[in-house]
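Here is how the chains run, residue by residue.
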Amino acid sequence: MEPAQGSLLHILLIAWGVVTAGLICVLIYRSALANREEDQIFLDSAGDSMAKEQQEIVGRIDRLGRPIKGLIITSGALLVSIAVLWLWEGFKHF
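Residues numbered from 1 in each chain as written. Predicted model: local features only at pLDDT ≥ 70, side-chain atom pairs only at ≥ 80, totals over all residues. Heavy atoms only, no water.

(A) Structural context of the overall build of the chain. On a plain count of helices and strands, the chain comes out with 3 helices and 0 strands. Element order for the chain, N to C, with α for helix and β for strand: α-α-α. A burial count over the chain gives 20% of its 94 residues as buried. For the chain, long-range pairs separated by at least 24 residues make up 82% of all intrachain contacts whose partners lie at least 6 apart in sequence. (Helix = DSSP H or I, 4+ residues; strand = E, 2+ residues; numbered from the N terminus. Buried < 20%, exposed > 50% of the residue type's maximum accessible area, 1.4 Å probe, protein only. Contact = heavy atoms within 4.5 Å.)

Printed below as a string of structure tokens:
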């Protein structure tokens, strides 16, 4: 039964790595979008296209909130699962 638990730990570690890498990529993307966002008020009609572009960027940033929370929760749950499995194996061999 040892190889099954050992492979389960490896699978969880790989899954955690993939989820965490995805989280980091999404956070970098959100940061890049936030750098493009500017805090400006456009008062003339020439700035309407720029204001619309800024609203689209803010909308993208807002839409990223839910996936980021999901990835954080998933990454945390996988990390806790890995810790519990590792401790369980340690206690079995103690």
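(B) Representation of helix H3 (residues 65-92) within the structure. Between its first and last C-alpha atoms H3 spans 41 Å; for 28 residues at 1.5 Å apiece the expected length is 40 Å, and the two agree. Every buried residue of H3 is accounted for by Ile68, Ser75, Leu78, Ile82, Leu85 and Glu89. (Expected span 1.5 Å × (residues − 1).)

(C) Expanded view of the environment of Ile11. Note on placement: Ile11 falls in helix H1 (residues 2-36). For the pair Ile11 and Ile82, spaced 71 residues apart in sequence, the C-alpha separation works out to 9.6 Å.

(D) View of the side chain of Ser75. With respect to the helices and strands, the residue Ser75 is situated in helix H3. Ignoring anything within four residues of it in the chain, the contact list for Ser75 reads Trp16, Val19 and Thr20.

(E) Structural detail: a nonpolar patch on the surface. On the surface, a cluster of nonpolar side chains totalling about 410 Å² of accessible area is made up of Trp86, Leu87 and Phe91. On the secondary structure map, Leu87 appears in helix H3. (Patch = residues over 30% accessible without salt bridge, like charges linked within 9 Å, V, L, I, M, F, W, Y side chains within 5 Å. Areas by Shrake-Rupley, 256 points an atom, 1.4 Å probe, with all protein chains shown as cover. Salt bridge = Lys/Arg side-chain N within 4 Å of Asp/Glu carboxyl O.)

(F) Structural detail: the environment of Thr20. Within the secondary structure, Thr20 sits in helix H1. Here the alpha-carbon distance between Thr20 and Gly76, two residues 56 residues apart in the chain, equals 9.2 Å.

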